[in-house]
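Structural overview
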Amino acid sequence: TKDINSALHSVEFLTADFSGGGDLAEDHLGAINRCSSWSGPDDWKSPIKAMLILTDAPAHGLVPLSYRVPNADSYSFYHPSGLTAEKVVENLIANDIDLFFCSFDPLATARTEEELSKQYLNHPKNKEMREIITVPMTPEEHRIGVTESNSIHGKHIVFVLDESTSMRYKWDGVVVAYNQYISRRKQNQCYSDLVSVVQFGSISRTTVQQVQLSDAPKALGRSGRGTKFYPAARDACRLARNTPSSHVPVIVFMSDGKANDSVAAANIYSALNSEVIRRFGSNVELHVIAFGYGVDRTQLQNIAGASRNGKVHTSSDTSELSKIFVDIAGGNIASLLEEEIVNRISNAVTDKMSLEYMAA
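Here is a short report on the structure shown in this document.

**Section: the pairing of strand E3 (residues 133-136)**
- Pairing analysis gives four bridges linking strand E2 (residues 98-103) to E3, with the strands arranged parallel. Considered in E3, the bridge of Cys102 is made with Val135.

Put into structure tokens, the structure is as follows:
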């Protein structure tokens, strides 16, 4: 289309409600094949033709060998439509289409880029020896992923949620926020994450223990009375200590009250942080959420201070609570990518077009 607004509306519609498909890998070959097979009167008629793939995941059958985690690839041995990298590359060359592979996680997409590039460059019909253009979309210091020397595959998120009597009319909103956190992690392709949940009033109970992200329950019942921080901190730290070596623990603590054992709770989180530093080489990610107006912010600041990666978030209602949960689930990464995308793609496309123009 020549209508930019129409294109934008189409993208907004497609991205309004999406999920990761249940596994890490995505159908890059199907996407390339579908687009390169368009045969309308105005399709692929321009003298300069380019296709841009923007992704943070490997293609089916090309997941990095170091990704030994559940739900990595539902089609690791064959494409459901029988497509191969050689086949889709042939369509690109036949239509004289340049492919820009824009990766938000170059470690995850390395095998995919390598295979597509090899098939493109070595194809017998590629007489001009043209190459696929790979565009890393994130600065190297912000890249995430797995290498042979780094076996971290995901996070073990331990939710510590206040279910005291004062939460009885707000609990449904807390569960919504928890589910939105899970949904954001799924959208970010974090299916290797593990989830645990500790719910507390005057006593603590572990209601979810180290389940896969895709198996995390949507419903959380409430039954607590009173408010004690230490029992919940003890149980949360026990769960965090049992985090497998393939994951790093993350604590998400939420309360709308105050307790007379906050110092003891802060101390046990501090002890956990020391263990995490020794084990993983970094401070534990500790989010402390003050919900409503009855909280003692000083107590929560002390708990967050147990880690250099501790932070207090403040929400006055369930709407703000959901925004905080979504943000800590991955909102900051999205902001980073948004800043990078325009510069990286425009520079790569401009360079490619300039070279072709001068060669013409």
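**Points about the packing of helix H2 (residues 28-36) against helix H3 (residues 85-94)**
- For the pair H2 and H3, the least separation of the axes is 9 Å and the interaxial angle reads 25°. The angle between H2 and H3 falls in the class roughly parallel. Between H2 and H3 lies a crossing of left-handed hand. Contacts between H2 and H3 pair Leu29, Ile32, Asn33 and Ser36 from the former with Ala85, Val88, Asn91 and Leu92 from the latter.

**Describing unusual backbone geometry**
- In the Ramachandran plot, Trp44 falls in the positive-phi region, its phi being about 55° despite a non-glycine side chain.
- Locating Trp44 in the fold gives a position in the loop between H2 and strand E1 (50-55).
- Classification of Trp44 by relative accessible area gives buried; the value is 17%.
- Not every positive phi belongs to a glycine, and Asp96 is a case in point at roughly 60°.
- Relative to the helices and strands, Asp96 resides in the loop between H3 and E2.

**Brief notes about the side chain of His313**
- With respect to the helices, strands and loops of the structure, His313 is situated in strand E9 (residues 310-315).
- Within polar-contact distance, the side chain of His313 engages the side chain of His287 at 2.9 Å.
- Ignoring sequence-local partners within four residues, the contact set of His313 consists of His287, Val288, Ile289, Ala290, Ile324 and Ile328.

**Structural notes on the packing of aromatic side chains**
- Within this structure, the stated rule accounts for ten aromatic pairs.
- Relative to Tyr269, the ring of Phe253 lies with its centre 6.5 Å away and its plane at 80°, an arrangement referred to as edge-to-face. Taken together, the residues Phe253 in strand E7 (residues 247-255) and Tyr269 in helix H7 (residues 262-280) connect sequence positions 16 residues apart. Tyr269 shares its class with Phe253; the two are buried.
- An aromatic cluster is present here, built from Phe159, Tyr178, Tyr181 and Phe325 joined pairwise through their rings.

**Digging into the sheet that holds E2**
- Taking strand neighbours across the sheet as the criterion, the three strands line up as E1-E2-E3 in an open arrangement whose pairing is parallel. Of all strands in the sheet, those bounded by a partner on one side alone are E1 and E3. Across this sheet, the average inter-strand angle for adjacent strands is 20°, counted without regard to direction.
- Along the sheet, H2 contacts E1 and E2; its crossing angle with E1, the most-contacted strand, is approximately 155°.

**Quick look at helix H5 (residues 171-187)**
- The end-to-end C-alpha distance of H5, which contains 17 residues, comes to 24 Å, matching closely the 24 Å that a straight helix rising 1.5 Å per residue would cover.
- Regarding H5, the residues found buried are Trp171, Gly173, Val174, Val175, Ala177, Tyr178, Tyr181, Ile182 and Arg185.

**Some words on the nonpolar core**
- Core analysis: the biggest nonpolar cluster contains 29 residues, and Val160, Phe229, Ile251, Phe253, Tyr269, Val288 and Ile303 have the highest contact counts within it.
- Those elements that place two or more of their residues in this core are strand E4 (154-162), strand E5 (194-200), helix H6 (230-241), E7, H7, strand E8 (285-291) and helix H8 (297-304).
- Leaving out residues up to four positions away in the same chain, Val288 has contacts with Phe253, Leu300, Ile303, Ala304, Lys311, Val312 and His313.
- Phe159, Ala177, Tyr178 and Ala329 belong to the second-largest nonpolar core, a separate cluster that totals 27 residues.

**Focus: the packing of H3 against helix H4 (residues 106-122)**
- One way to put it is that H3 packs onto H4 with a least axis distance of 9 Å and a crossing angle of 55°. Looking at the two axes, H3 sits oblique to H4. The handedness of the crossing between H3 and H4 comes out as right-handed. Only Glu115, Leu116, Gln119 and Tyr120 of H4 make contact with H3, whose side of the interface consists of Ala85, Glu86, Val88, Val89, Leu92 and Ile93.
- Residue composition of the contact of H3 with H4, grouped by class: seven nonpolar, one polar and two charged.

Definitions and limits used
- Residues numbered from 1 in each chain as written.
- Predicted model: local features only at pLDDT ≥ 70, side-chain atom pairs only at ≥ 80, totals over all residues.
- Heavy atoms only, no water.
- Pairing = 2+ DSSP bridges.
- Helix = DSSP H or I, 4+ residues; strand = E, 2+ residues; numbered from the N terminus.
- Axes fitted to C-alpha atoms, helices over the stretch in contact; angles between N-to-C directions.
- Parallel < 35°, antiparallel > 145°, perpendicular 65-115°, else oblique.
- Left-handed = near helix turned anticlockwise from the far one by under 90°.
- Contact = heavy atoms within 4.5 Å.
- Buried < 20%, exposed > 50% of the residue type's maximum accessible area, 1.4 Å probe, protein only.
- Polar contact = N/O pair within 3.5 Å; in protein donor to acceptor, adjacent residues only side chain to side chain.
- Phe/Tyr/Trp six-rings, centres within 6.5 Å; stacked < 30°, edge-to-face > 60°.
- Expected span 1.5 Å × (residues − 1).
- Core = buried A, V, L, I, M, F, W, Y, C linked by side-chain atoms within 4.5 Å.
- Nonpolar A, V, L, I, M, F, W, Y, C, P; charged D, E, K, R; others polar.

Any link to function would need more than the numbers given here.
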